[in-house]
Amino acid sequence: MTIPTPTLEAAPEPTSASPSNARGKGRMPPGLKHSLPFYSFKPWVKLGSPILLFEHLLKTYGNIAHYRFLGTPIIFINDPEYIREILVTQASSFVKERTVRRMKVLLGEGLITSDDPIHMRQRKIAAPAFHRQRIAAYGDQIVACALHQREAWRPNQHIDISAASMQLSLEIVARTLFNTEVTADIRSINDEVNTIMGLYNFIVAFPKIESFIHLPIPGIMKFRRSKARLDAVVDRLIQEHREAATRGEPDRGDLLSMLLASKYESDDPTQQTGMSDEQVRDEVLTIFLAGYETVANGLTWTWYLLSQNPHIEAKLHAELDAVLGTGPTQRLPTLADYPALRYTEQVFAESMRLYPPAWAMGRMSTKPITLGPYTIPAGAHFFFSQYIMGRDPQYFPDPLRFDPDRFSPENKAARAKFTYFPFGGGSRQCIGESFAWMEGVFSIATLAQRWRMTYLGSTPPEVQAKITLRPRDPLMMQLIPR
């Protein structure tokens, strides 16, 4: 997920930003001389805007740089091989860093925030819900939700496409993964998430917030109220599923049913136990938020980019017409069409390059780490940004140009793996990645069959880098029938 604005104290400024001028094995990477607060007057240091800092580090020091914050060493990495080392090769030497651990006040010990062995155990339990055969069964439900939205739209209507995408994705996750009707309290999840997003910087920056979570501090009280309302929604879902099982109703086969039916492995079969309601709630809340928030943001930016690139939009429409027909013969997409909607998938992929919903990742080392010529101590925090790498010309020439052909099979095969990782990588790669791709492709295809969109803003939308990469303001569009 996201990032704080930490800091580091480094060795003297290097004479060159080139990584080839490494200062010898056992040394720290180049970086800032002083702790980050020393530079607080600089335009690239701004609370809640770590992207500015990362851009400065890359420009000044190259693909690996370091700084200090309150004595903690922090390493910024923009090199795919170093990222592979952290996420794959040396993954056992890392745990989630402070920012993600801080989100335990919201998500508990869910898949995003937990470390092994809890993470491995919970992932094994949830995995069947994201098996290829299960995801295939979700396709028709995704299309049905998108169809419901497109039929409710009217010609020349002005909509906030960010809010519309959030509502669509929330409905898809509720129906597919939790087999529940989208009631008023389900829709209220989006309001509570918006409140918590607004408090994100406060939550991350507040020292030891876990120790103060029950005190009457205004920001914490606001967070606590939203968290309580989210918990109440999830608790209702758990209760309904448990009551259905008690009545002898057949297993619904959805994710929540799987979580409730799961048993922890034990050498003694008589000692196997299921998940507590609190553990189930942590996982449900995690998957609800991760499952709808990220795809919704990906869709939001996709519609904006299509509105700014009519030639790409025309090519997308040509594929939809060729695969799904036109006029009286037009039909909705089905699972059988999914492989043929290749350009639609490329559009979604290119959108997530420029505006990755999960815009940065972090880890903390539990032992000294060697990366190339550098040795970094235990307890260091490592950050790498999908947003920064996706806009770096050394990996993506002419990076600000929207070009879905970057994701043709041959161009994908020619790139190093960790130059593009919108869903993370390694053993903690997003469990719902395949689901997210299907949701994105079918939502785009279903809506774009009927509608085009015109951006109503006078300037490009500004990004807001919090837990996910959202537009800072409502992203208003005018709906144009095709």
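In the block above lies the structure referred to throughout.
As a convention, each chain's residues are numbered from 1 in the sequence order in which they are written. For this predicted model, a pLDDT threshold of at least 70 governs which residues receive local features, and a threshold of 80 or more governs which side-chain atom pairs are given and counted, while totals over whole chains, interfaces and linings are taken from all residues. The basis for every side-chain value is the complete set of heavy atoms in the structure, and neither hydrogens nor water enter the calculation.

Notes on the nonpolar core
Now for step 1: For the purposes of this section, nonpolar cores are sets of buried Ala, Val, Leu, Ile, Met, Phe, Trp, Tyr and Cys residues that join through side-chain atoms within 4.5 Å. Note on classification: 1.4 Å probe, protein chains only; a residue is buried when its accessible area is under 20% of the maximum for its type, exposed when over 50%, partly exposed between these limits. By size, the foremost hydrophobic cluster in this structure holds 129 residues, and its most contacted members are Ile189, Phe288, Trp303 and Phe382.
Now for step 2: The leading source of residues in this core is helix H12 (residues 277-308), at 15 residues.
Now for step 3: We call two residues contacting when some pair of their heavy atoms lies within 4.5 Å. Each residue touching Ile189, except ones within four places of it in the same chain, is listed here: Leu170, Leu230, Val233, Phe288, Leu289 and Tyr292. Put simply, DSSP marks the helices as runs of H or I at least four residues long and the strands as runs of E at least two long, and each gets a number from the N terminus on.

Things to note about the pairing of strand S3 (residues 72-77)
Now for step 1: Across the 6 residues that make up S3, a large majority, 5, are buried.
Now for step 2: Alignment of strand S2 (residues 64-69) against S3, held across 6 bridges, turns out to be antiparallel. Each bridged residue has a counterpart across the sheet, and for Ala65 the counterpart in S3 is Phe76.
Now for step 3: Being paired, for any two strands, means DSSP has found at least two bridges between them. The turn linking S2 back onto S3 is made up of 2 residues, and Leu70 within it adopts a positive phi angle of 50°.
Now for step 4: As paired strands, S3 and strand S9 (residues 381-384) are joined by 4 bridges and run parallel to one another. Residue pairing for S9: Ile77 is matched across the bridge by Phe384.

So, helix H2 (residues 80-89)
Now for step 1: Turning to H2, its buried residues number three or more, namely Pro80, Tyr82, Ile83, Ile86 and Leu87. Viewed end-on, H2 has its buried residues packed into an arc of 160°, placing them on one side of the element. In this description, one arc is meant: the one made by directions from the helix axis to the C-beta atoms.

Observations concerning the environment of Trp359
Now for step 1: Checked against the element boundaries, Trp359 lands in the loop between helix H14 (342-354) and strand S6 (361-365).
Now for step 2: Taking the relative accessible area as the measure of exposure, Trp359 reaches 0% and is therefore buried.
Now for step 3: Spatially, the C-alpha atoms of Trp359 and Ile388 are 8.2 Å apart, while their sequence positions differ by 29 residues.

Examining the sheet that holds S9
Now for step 1: The 6 strands are arranged S1-S2-S3-S9-S6-S4 in an open sheet whose pairing can be described as mixed. At either margin of the open sheet sits one strand with a lone partner, and together these are strand S1 (31-35) and strand S4 (94-96). When strand polarity is set aside, the average angle formed by the axes of neighbouring strands in this sheet is 25°.
Now for step 2: Each axis is a line fitted through C-alpha atoms, and for a helix only the stretch in contact is used; angles between axes span 0 to 180 degrees, taken between their N-to-C directions. Running at roughly 130° to S2, helix H1 (residues 50-61) makes contact with S1, S2, S3 and S9 of the sheet.
Now for step 3: Sheet strands touched by H2: S2, S3, S4, S6 and S9. Its angle to S9, the strand with the most contacts, is close to 125°.

Observations regarding the side chain of Arg470
Now for step 1: You can see Arg470 is positioned in strand S12 (residues 469-471).
Now for step 2: Overall, Arg470 belongs to the buried group, its relative accessible area being 10%.
Now for step 3: We call two N or O atoms a polar contact when they sit within 3.5 Å, provided that within protein one can donate a hydrogen and the other can accept it, with sequence-adjacent residues counted only if both atoms are side-chain atoms. Within the local environment of Arg470, its side chain forms a polar contact with the side chain of Glu293, the two groups lying 2.8 Å apart.

What to know about the packing of helix H10 (residues 218-246) against H12
Now for step 1: At a closest axis distance of 10 Å, the pairing of H10 and H12 adopts a crossing angle of 115°. Taken together, the axes of H10 and H12 are roughly perpendicular relative to one another. Here H10 and H12 pass one another in a crossing that is right-handed. Facing H10, whose interface residues are Lys227, Leu230, Asp231, Val234, Asp235, Leu237, Ile238 and Arg242, H12 presents Asp277, Val280, Arg281, Val284, Leu285 and Phe288. In these notes the angle categories are as follows: under 35 degrees is roughly parallel, over 145 is roughly antiparallel, 65 to 115 is roughly perpendicular, and the rest is oblique. Should the near helix be turned anticlockwise from the far one by less than a right angle, the crossing is termed left-handed; should it be turned clockwise, right-handed.

A word on the environment of Ser49
Now for step 1: On the secondary structure map, Ser49 appears in the loop between S1 and H1.
Now for step 2: In sequence terms Ser49 and Val463 are 414 residues apart; their C-alpha atoms lie 9.9 Å from each other.

Here's the deal with the packing of aromatic side chains
To describe a pair of aromatic rings, you give the distance between the ring centres and the angle between the ring planes.
Now for step 1: Under the pairing criterion, centres of Phe, Tyr and Trp rings, with the six-membered ring standing for Trp, must be within 6.5 Å; the plane angle then separates stacked pairs below 30 degrees from edge-to-face pairs above 60, leaving the rest tilted. The final tally for this structure, using the stated rule, is 16 aromatic pairs.
Now for step 2: Between Trp301 and Tyr304 the ring centres are 6.5 Å apart and the planes differ by 85°, which places this aromatic pair in the edge-to-face class. Taken as a pair, Trp301 and Tyr304 lie in helix H12 at a separation of 3 residues, close to a single helical turn.
Now for step 3: A cation over an aromatic ring shows up here: Arg391 above the ring of Tyr355, its NZ or CZ 5.0 Å from the ring centre.
Now for step 4: Both a distance and an angle decide whether a charge sits over a ring: NZ of Lys or CZ of Arg must be within 6 Å of the ring centre and within 35 degrees of the ring normal. A cation over an aromatic ring shows up here: Arg415 above the ring of Phe407, its NZ or CZ 4.7 Å from the ring centre.

A short note on the pattern of salt bridges
Now for step 1: The salt bridge definition used is simple: a Lys or Arg side-chain nitrogen within 4 Å of an Asp or Glu carboxyl oxygen. Per the counting criterion, the structure on display carries 19 salt bridges.
Now for step 2: The partner of Asp405 in a salt bridge is Lys315, and the shortest N-O contact between them spans 3.4 Å. You can see Asp405 sitting in the loop between helix H15 (386-390) and helix H16 (409-414) and its partner Lys315 sitting in helix H13 (residues 310-324), a full 90 residues away along the chain.
Now for step 3: By relative accessible area, Lys315 is classed as partly exposed at 39%.
Now for step 4: Across the pair Asp321 and Arg482 runs a salt bridge, and its minimum N-O distance is 3.0 Å. With Asp321 in helix H13 and Arg482 in the segment after strand S13 (476-481), this residue pair connects regions lying 161 residues apart in the sequence.
Now for step 5: Overlapping salt bridges, with partners in common, bring together Lys227, Asp231, Asp235 and Arg281 in one network.

Points about the sheet that holds strand S10 (residues 451-455)
Now for step 1: Strand order in this open sheet of 3 strands is S5-S13-S10, and the pairing throughout is antiparallel. Whereas interior strands pair on both sides, the edge strands pair on one side only; in this sheet they are strand S5 (158-160) and S10. Going across the sheet, the axis of each strand differs from the next one's by a mean of 40°, ignoring polarity.
Now for step 2: Bridge count between S5 and S13: 3 bridges; the pairing is antiparallel. Looking across to S13, one finds that His158 is bridged to Gln478.

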